[in-house]
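Residue-level listing of the chains:
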Amino acid sequence: MRPLGNVTVTAPAKAILVGEHFVVAGCPAIALALDIRAKATAELLNEDVIEIVSKEFGIRRYGGKETRVEDPLYPVYLVVKEVLKLAGSNQGLKVVIESNIPPAAGLGSSAAVAVATASAVAKLLGLNASLEEITRTAYTGEVEIHKKPSGIDNTVSAYGGAIYFSIGKGFERLDVNFSQVRLVLADSGIQRSTGTLVARVLALKSKHSSVLDQVYAAATVLVENTRDALEREDFTAVGELMNINHGLLSAIGVSNAKLEELIYTARQAGALGAKITGAGGGGMILALCWREDAEQIAMELSKASTKVLMTSVSEKGVTLESG
Ligand code: PMV
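Here's what I pulled together on the structure shown here.

The rules behind the values
Residues numbered from 1 in each chain as written. Predicted model: local features only at pLDDT ≥ 70, side-chain atom pairs only at ≥ 80, totals over all residues. Heavy atoms only, no water. Near = heavy atom within 4 Å. Polar contact = N/O pair within 3.5 Å; in protein donor to acceptor, adjacent residues only side chain to side chain. Helix = DSSP H or I, 4+ residues; strand = E, 2+ residues; numbered from the N terminus. Nonpolar A, V, L, I, M, F, W, Y, C, P; charged D, E, K, R; others polar. Buried < 20%, exposed > 50% of the residue type's maximum accessible area, 1.4 Å probe, protein only. Contact = heavy atoms within 4.5 Å. Core = buried A, V, L, I, M, F, W, Y, C linked by side-chain atoms within 4.5 Å. Pairing = 2+ DSSP bridges. Axes fitted to C-alpha atoms, helices over the stretch in contact; angles between N-to-C directions.

Here we take up the site of the ligand. Close contacts around the ligand come from 16 residues, with Lys14, Ser150, Arg192, Thr194 and Ala279 the closest. Gly106 is positioned with one of its backbone polar atoms (N or O) 3.4 Å from an oxygen atom of the ligand. Take Arg192: an N or O atom from its side chain is 2.5 Å from an oxygen atom of the ligand. Residue assignment for the shell around the ligand shows that the elements contributing at least two residues are strand E1 (6-18) and helix H5 (194-207). Looking at the shell around the ligand, its residues break down into 6 nonpolar, 6 polar and 4 charged.

Laid out in C-alpha cells, this is it:
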C-alpha cells in the first residue's frame, strides 16, 4: 500500500445562536461557526479500498459494496462515496480524521468532519467542487446520523461566520463584527440523541398544535429580531433574545435541571444571554459574553461543568490547510 499524496482540510464546529428545533418545522435559525475545528487528511491508495481512520473510533476498511452499517465512521465513508460519485471515480483512498470538537454535544462535530472530509477528498481527486457541492455532499453523512437534519450544521461549517438559515429557502451569511464578544460553552455531561429529541418535539407540536403553533410563530419573530440586533451589533439585545429563546425551548420540553443550572450560573456571572444550543436534553449550553467578562463566566461555569470551552466566532469556514 503506497500513499500517492495527501490533502488536509479543516472545518469549524457550530453553535446555534437562535432557532434550533423551530428550524425543523420551517422557521429560520441563526448559527455561528466556532474557532474549534475538525481536520480531515485524504490520501490516495493504490488498492481498491476506502479506509477511514479516527483516533477515537479506530480504523475501518470498506470495500465499496457495503449496505448500511451501524458504526460511527460509516457516515464518513458515505461522504467519501458521494464525492467519488461526483468525480466519476472509484479510486481507493484513506481519510484520517482528527477533531477537537466534543461529539454529541450540540456543536455539529459530525457535520464538521463530513465537510472537512468532502472537501479533502474532492481536492485530492482534483475536483473543483463549489462550497454548495461540499455542503450537499456532507449532508449525506448527516442524514445517516441524524435521519432528518435541517442542514444548518453542514452549511455553517462550510461557509463560516454567522448564517441565517431556513429549510428550503437556503441561507444568508450575515455581516457582523463579533470582536467585542466571546462565546462560552459548558457541557451538562448528559448524552443525548438529536434524532430522538427532534421526534419528541414534533410529537408534542402535533399533540398541542393550537398552543405550540404560537410558540413557533414567536420563534420566527425572535430570529428576525436577533438578525436585526446582530446587524446593529447590539449584543445586549442579542443576549436578551437568547434568554427568551431559551424560554421557548423549555416550553417545547428540551431543557432539564442540569441545563437550567448551567444557564442560570452563566447569567448570574454576567453573561449577556445563555441558552441551550442544539437539540437540548443534555449536551452544551451557550453563553454570549463581553470579551472582558468571558474568563470570569467560564470560571464560574467550571464549578458546575466538567467541560467549559471559551471560543470566538470563526469567520473561516472549510479551509485547505495543505496539499
Ligand atoms: O444538537 P445538534 O448539534 O445535533 O443540533 C440539532 C439542531 C436541531 O435544530 C434540533 C435539529 C436540526 O437538524 O436542525
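From this point, the discussion proceeds with the structure in view.
With respect to the helices, strands and loops of the structure, Ser188 is situated in the loop between strand E8 (181-187) and H5. Look at Ser188 and you get buried, because its relative accessible area is 10%. In terms of polar contacts, Ser188 uses its side chain to reach the backbone amide nitrogen of Ile190, at 3.2 Å. There is a polar contact of 2.8 Å between the side chain of Ser188 and the backbone oxygen of Gly283. Residues within four places of Ser188 in sequence aside, it is in contact with Lys258, Leu259, Leu262, Gly282 and Gly283.

One finds Phe22, Ile52, Val95, Phe178, Leu230, Phe235 and Ile252 to be the most contacted residues of the largest nonpolar core, which totals 100 residues. In this structure, Leu230 is in contact with Leu17, Ile30, Leu174, Val176, Phe178, Phe235 and Val238, ignoring residues within four places of it in sequence. Of all hydrophobic cores here, the second largest spans 11 residues; its members include Ile152, Ile163, Phe165 and Val198.

Let's shift gears to the side chain of Ser166. Examined against the element boundaries, Ser166 turns out to sit in strand E6 (residues 162-166). Apart from residues lying up to four places away in sequence, Ser166 is in contact with Gly26, Cys27 and Pro28.

When you tally the buried positions in strand E2 (residues 29-44), you get 14 out of 16 residues, the bulk of the element. Pairing of E1 with E2, which is carried by 11 bridges, proceeds in the antiparallel orientation. Residue pairing across strands places Pro12 opposite Arg37, the latter belonging to E2.

The 4 strands are arranged E9-E10-E8-E11 in an open sheet whose pairing can be described as antiparallel. The strands lining the two open edges of the sheet, one partner per strand, are strand E9 (273-276) and strand E11 (308-311). Taking each pair of neighbouring strands and ignoring which way they run, the sheet shows an average axis angle of 20 degrees. One ladder, built from 4 bridges, connects E8 with E11; its direction is antiparallel. Within the sheet, the bridge partner assigned to Ala186 lies in E11 and is Val308. Of the strands in this sheet, E8, E9 and strand E10 (284-290) are in contact with helix H8 (residues 257-268), which crosses E9 at around 170 degrees. On the sheet, helix H9 (residues 294-302) packs against E8, E10 and E11 and is oriented at approximately 165 degrees with respect to E11.

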